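Read off the chains here:
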Amino acid sequence: MTSQSAPARNKSSIRWMLRFPWIPMIILFMVFSSALLGPIITPHKHGALNLGLAMKPPFWQENGSMSYPLGTDNMGRDILSRIIMGARITAIVALWAIPFSGAIGALMGMIAGYFGGKIDMLIMRLVDIQMSVPSLALALILAASLKPGVATVIIVIVVTYWTWYARIVRGEVLSLKERDFIALARVAGCSAWSILLKHFLPNIFNTLLVLATLQLGSVITYEASLSFLGLGIQPPDVSWGLMLADARPYITVAWWVIALPGLAIVITCLGSNLFGDWLRDTLDPKRRQL
Amino acid sequence: MRVLQGIVCVIGASVIIFIASRVSGDVTLLLLPPDAQPEQHEIMRRELGLDKPYVVQYLIFASKAVRGDFGNSYRWQMPALQLVLERLPATIQLAVCALIFSVMTALFFGVLSAVYQGSWFDNFGKIFALLGQAMPGFWVGLMFILFFAVKLGILPAFGREGYEHFILPAITLGWYSVAAQTRMVRSAMLDVLDSDYIQTARAVGVPKKILIWKYALRNAAVPLVTMLGVYFAAMLGGSFIIETIFAWPGVGRTVVDAIFARDYPVVQAGVLFTSIFYVFSNLLVDLTYGLIDPRIRYVR
């Protein structure tokens, strides 16, 4: 790559190396690897209670120790281990909720945009109605009605976010519809479904990918908010939002039980937002405003 | 036409709210003591109208709701609407304060980072916006409590008495919108600064302060002003969680409490009210576009 004979190529690859989002990639890699490895790398069992060691501060403070590097909570559970296990729930929620909301939204958006007329009206009214209920309010009602847990959080996120994909995909399809290759496909006798899947889908795929990465950050905050209110993840599962909810009564005595799980959320969101921005600028520059 | 659409949205929202609040468990299990007989459950269900088919239940609910009757709160034994209306001023006050905070901050930072484009100030603003968008509102609230109320002890963490009680909740609620609003003001300001009339004014020798804060700002603020309704709606939506953190006696916290108590009438009244506000503040945005800036007319 450092060959003297190709200076131009060399320069562009350096530029690419500089522009590549290394920090966000490292953050996301760390989150997903701790999600994958989970119990193998946690120093303690995430649910192990030890009341004698409750409220130990992180190692850099007085009374802290390296065996509990980020301190312990009110029941003496290791915070680092719980943050690592929390990454697992975050990843599970994201990996289920994003593809499902993307797929449903894209399908609805494509149908609405391609067929137009009454179907379009029906779907878009549904989107409007759904968007007229504040999303967190809808989420609260749903989460309270269904049995709280991982599955409910995923359903709530899918129900809330499909409209977002549907609107954008519909717009995209409306503009593609006028293009020659679609008209040609229709003249050649392709069925509506094969046009949608073979001709539209590849063309909106970049947009979908960008939307999905940008959604990641909000999914993480959403799950945390629901769990924080007690309507999301339930113990013995661990989630960052749930850790914050558990820690809330102890805000006056221990800052680390509140600050550190929140920092995990912030860093992960930052990583995914930055990665999403980069992907958008690379694949789909016209969507800058998203 | 737009008003009609708004009404359809509100009706749709009421259906969603109704369905969602009925798929949960049997409310009589919560209201009656655990040793109550099955017949007592049956009687209670009949009293509350829960034995009828869902469609009938919805129609009863809707026709009463139009007349402002959401039924009595199961828990407080008072009309649910009254309960919500009593809490409404607190929520609106908080949302308005949050809106003022976010708009002021956005105008200030947006204008300065556009005027000093590319400076350290502009870059700092960008980093701040990135960080701001990555922080969940409720965690920001908790950090504020930790820092200002617990560590420094200068601001109260909860309650609603004096003006100082507004500071932390309002900043937290406004927090999330600041980044987006600042970006909006910044790009509008950049456009305006490039325009002919500003160039002319500059050439004529209008002092920089007046040029920026009077001539340019007036046009640069238009996109933000037209979006005020949307942001107000966003604040109402955010109030559920922020009010819970700061123990703010508003609609948001009442609804969250009511959800846990399965107090359907209060949940329905609270969420429907928020949705109505939400729909109509969005509608207001659409309708006032043309008034505020004649260059953008709503075309349908």
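Reading the values: the criteria
- Residues numbered from 1 in each chain as written.
- Chains lettered and ligands numbered in written order.
- Predicted model: local features only at pLDDT ≥ 70, side-chain atom pairs only at ≥ 80, totals over all residues.
- Helix = DSSP H or I, 4+ residues; strand = E, 2+ residues; numbered from the N terminus.
- Buried ≥ 20, exposed ≤ 12 C-beta atoms within 10 Å, placed from the backbone.
- Contact = placed C-beta atoms within 7 Å.
- Nonpolar A, V, L, I, M, F, W, Y, C, P; charged D, E, K, R; others polar.
- Core = buried A, V, L, I, M, F, W, Y, C linked by C-beta atoms within 7 Å.

Turning to the overall build of chain A, a few remarks are in order. The number of helices and strands found in chain A is 10 helices and zero strands. Element order for chain A, N to C, with α for helix and β for strand: α-α-α-α-α-α-α-α-α-α. Structurally, chain A occupies a C-alpha span of about 75 × 65 × 30 Å along its principal axes. In chain A, which comprises 290 residues, the proportion classed as buried is 44%.

The next subject is the interface of chain B and chain A. At the interface, 38 residues of chain B touch 33 residues of chain A. Secondary structure elements with two or more residues in the side of chain B that touches chain A: helix H1 (2-22), helix H6 (120-134), helix H7 (137-151), helix H12 (228-245), helix H13 (251-260) and helix H14 (264-292) of chain B. The dominant element in the side of chain B that touches chain A, judged by the number of residues it contributes, is H1(B), at 10 residues. Its residues placed into classes, the side of chain B that touches chain A shows 29 nonpolar, nine polar and no charged.

The next point concerns the nonpolar core. For soluble globular proteins, the rule of thumb is that nonpolar side chains tend to be buried together. By size, the foremost hydrophobic cluster in this structure holds 151 residues, and its most contacted members are Leu140(A), Ile141(A), Tyr165(A), Val219(A), Met235(B) and Val255(B). The element that contributes the greatest number of residues to this core is helix H3 (residues 79-115) of chain A, accounting for 17 residues.

Considering the arrangement of structural elements, one finds Gln133(B) in helix H6. As a C-alpha pair, Gln133(B) and Ala13(B) span 120 residues in sequence and 28 Å in three-dimensional space. Those residues in contact with Gln133(B) that lie beyond four places of it in its chain are Asn273(A) and Ala179(B).

In short, the description is geometric, and any link to function would need to be established separately.
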